[in-house]
Amino acid sequence: MALLPLMFVLGLLADASSLDNGLLRTPPMGWVPWEHFRCNTDCEKEPDNCISERLIKMMVDRLAEDGWKELGYKYVNLDDCWAAKERDSLGRLQANASRFPSGIKALADYVHAKGLKFGIYSDLGNLTCEGYPGTTLDTIETDAKTFAEWGVDMLKLDGCFSNSSARAAGYPKMSAALNKTGRWIVYSCSWPAYEGGLPPKVNYTLLGQICNLWRNFGDIEDSWGSLSRIIKWYGDHQDTLQPAAGPGRWNDPDMLLVGNSGLSLEQAKVQLALWAILAAPLFMSCNLRTISAEARDLLRNPLLIYIDQDPLGVPGRRIAKSGQFEVWKRGLVDHQYGIAVLNNGTGQTPRPFVTSLDLLHILDCKTGYKIYNVLDRSFLGEYRCNATLSFTVAPTGVVLLFLRPLS
Ligand code: GLA
């Protein structure tokens, strides 16, 4: 414990522009129910799939026992629909008693006992998006205190039923209230997503000072159309978004669809590759009891996680667009690189792609690189600085390369 305050101070010295809680030096990883389980509250009909302590505990067990935790998937978060429709007699939020009979504190204790971290959801409005009680300006302090007493490690504060002025007052106020609790709570702000995600309505400098991560854009849906819209938006606005993120302050392009039914395997690879290039949070939102071996292997790719979690924390950028191809590049620690070549074309066979380190604007090449195909888990070989690289990329698919300098 004695080390923690020192790490905290060093964190502040290293990066005075992020939220002063020293948390999330790399993007968070974990599991959240929303994409897969939505607001299913019918525990009579679907006892195994309704939003309840039973469901959360089952996922906690999977994360702890199936090797996810060791890879970094540490946060287990509630999303909407956990709360009772009324606050308690002291004005505090409380869990729905039939679905969470042991209460949230006991659930957080369960999560902690398994070596994981626990996140909760609220909304800066009278109601959450699904109509449960939200956190108004008047209840911010009470709710922050309640969450801290329950042992919450992360809060997602949504923005349904709020307006711009309430958000401008409320998001910073919750940040201060969380800090005041004395518990270190990661703070995820949906604020920018409700303001169109861009300046002048969004102030990313301020966000970096008060939040650890933020949703910039609309909700992801389980489809290629939704995924490719999000990727395009992050590329089109990278001059604003890329510098906004760094250790302790991350853009959140939303949860992972991988393991659900809307994406093909190649499309699932696209999401993971691009999320790693973007230094995005990796929150799974699938059924971990029944996940396919293919989806599991993708989500557990160690080199992909290594790229996502790079300690420099500098998100990558889209560096080229040519026809149906896009090239994205992320600079990593020790002059390493992650390169994603995305093929947006549909309905064709895999297409050849030829490039070179020059074309990729890799300006610090000394001798050359060892190059790995991350998603195939294969070693492509050693390449000199002037080498040509050629490979094929599947339609609505991606090739993710990892480059390590030759010593
Ligand atoms: C909003 C958020 C989603 C999810 C739902 C829950 O739409 O953007 O991520 O939290 O609310 O109601």
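Refer to the structure printed above.
The structure reproduced in this document is the subject of the present report. Everything quoted here is computed from the prediction, not taken from an experiment.

What follows concerns the sheet that holds strand S10 (residues 325-331). The six strands are arranged S9-S10-S11-S16-S13-S14 in an open sheet whose pairing can be described as antiparallel. Each edge of the open sheet is held by one strand with a lone partner, namely strand S9 (317-322) and strand S14 (378-384). On average, adjacent strands in this sheet sit at an angle of 20 degrees to one another, irrespective of strand direction. Summarising the sheet, S9 and S10 pair through five bridges and their orientation is antiparallel. Pairing of Lys-321 across the sheet is with Glu-326, part of S10. Each of S9, S10 and strand S11 (337-343) is contacted by helix H9 (residues 224-236), which is oriented at about 60 degrees to S10, the strand it contacts most. Across the face of the sheet, helix H11 (residues 265-277) comes into contact with S10, S11 and strand S16 (397-405) while running at roughly 40 degrees to S16.

On to the pattern of salt bridges, then. Within this structure, the stated rule accounts for 23 salt bridges. Here Lys-232 ties to Asp-236 by a salt bridge, and the two come within 2.5 Å at their closest N and O atoms. Of this pair, Lys-232 and Asp-236 both sit in helix H9, four residues apart, which is roughly one turn of the helix. Through salt bridges with shared partners, a single network forms among Asp-61, Arg-62, Glu-65, Asp-66 and Lys-114.

This brings us to the site of the ligand. Around the ligand, the neighbouring residues are Trp-34, Asp-79, Asp-80, Tyr-121, Cys-129, Glu-130, Lys-156, Asp-158, Arg-215, Asp-219 and Met-255. Measuring from an oxygen atom of the ligand, one finds a side-chain N or O atom of Asp-158 at 2.9 Å. In isolation the ligand offers 310 Å² of accessible surface; the protein chains occlude 92% of this area. Residue composition of the shell around the ligand, grouped by class: four nonpolar, no polar and seven charged.

With that settled, consider the sheet that holds strand S5 (residues 186-189). Adjacent strands of a sheet pair through backbone hydrogen bonds, lying either parallel or antiparallel. Across the sheet, eight strands lie side by side as S7-S6-S5-S4-S3-S2-S1-S8; this open sheet has parallel pairing. For this open sheet the edge positions go to strand S7 (250-252) and strand S8 (282-284), each flanked by a neighbour on one side alone. Shown here is a sheet whose adjacent strand axes are inclined to one another by a mean of 25 degrees, direction ignored.

A separate point is helix H5 (residues 103-113). Within H5 the residues assigned to the buried category are Ile-104, Leu-107, Ala-108 and Val-111. Seen from one end, H5 has its buried residues packed into an arc of 100 degrees, which puts them on one side. The first or second residue beyond H5 is Gly-115, which carries a positive phi of 80 degrees.

How each quantity is defined
- Residues numbered from 1 in each chain as written.
- Predicted model: local features only at pLDDT ≥ 70, side-chain atom pairs only at ≥ 80, totals over all residues.
- Heavy atoms only, no water.
- Pairing = 2+ DSSP bridges.
- Helix = DSSP H or I, 4+ residues; strand = E, 2+ residues; numbered from the N terminus.
- Axes fitted to C-alpha atoms, helices over the stretch in contact; angles between N-to-C directions.
- Contact = heavy atoms within 4.5 Å.
- Salt bridge = Lys/Arg side-chain N within 4 Å of Asp/Glu carboxyl O.
- Near = heavy atom within 4 Å.
- Polar contact = N/O pair within 3.5 Å; in protein donor to acceptor, adjacent residues only side chain to side chain.
- Areas by Shrake-Rupley, 256 points an atom, 1.4 Å probe, with all protein chains shown as cover.
- Nonpolar A, V, L, I, M, F, W, Y, C, P; charged D, E, K, R; others polar.
- Buried < 20%, exposed > 50% of the residue type's maximum accessible area, 1.4 Å probe, protein only.
- Arc of directions from axis to C-beta.

Just distances and angles here, no functional claims.
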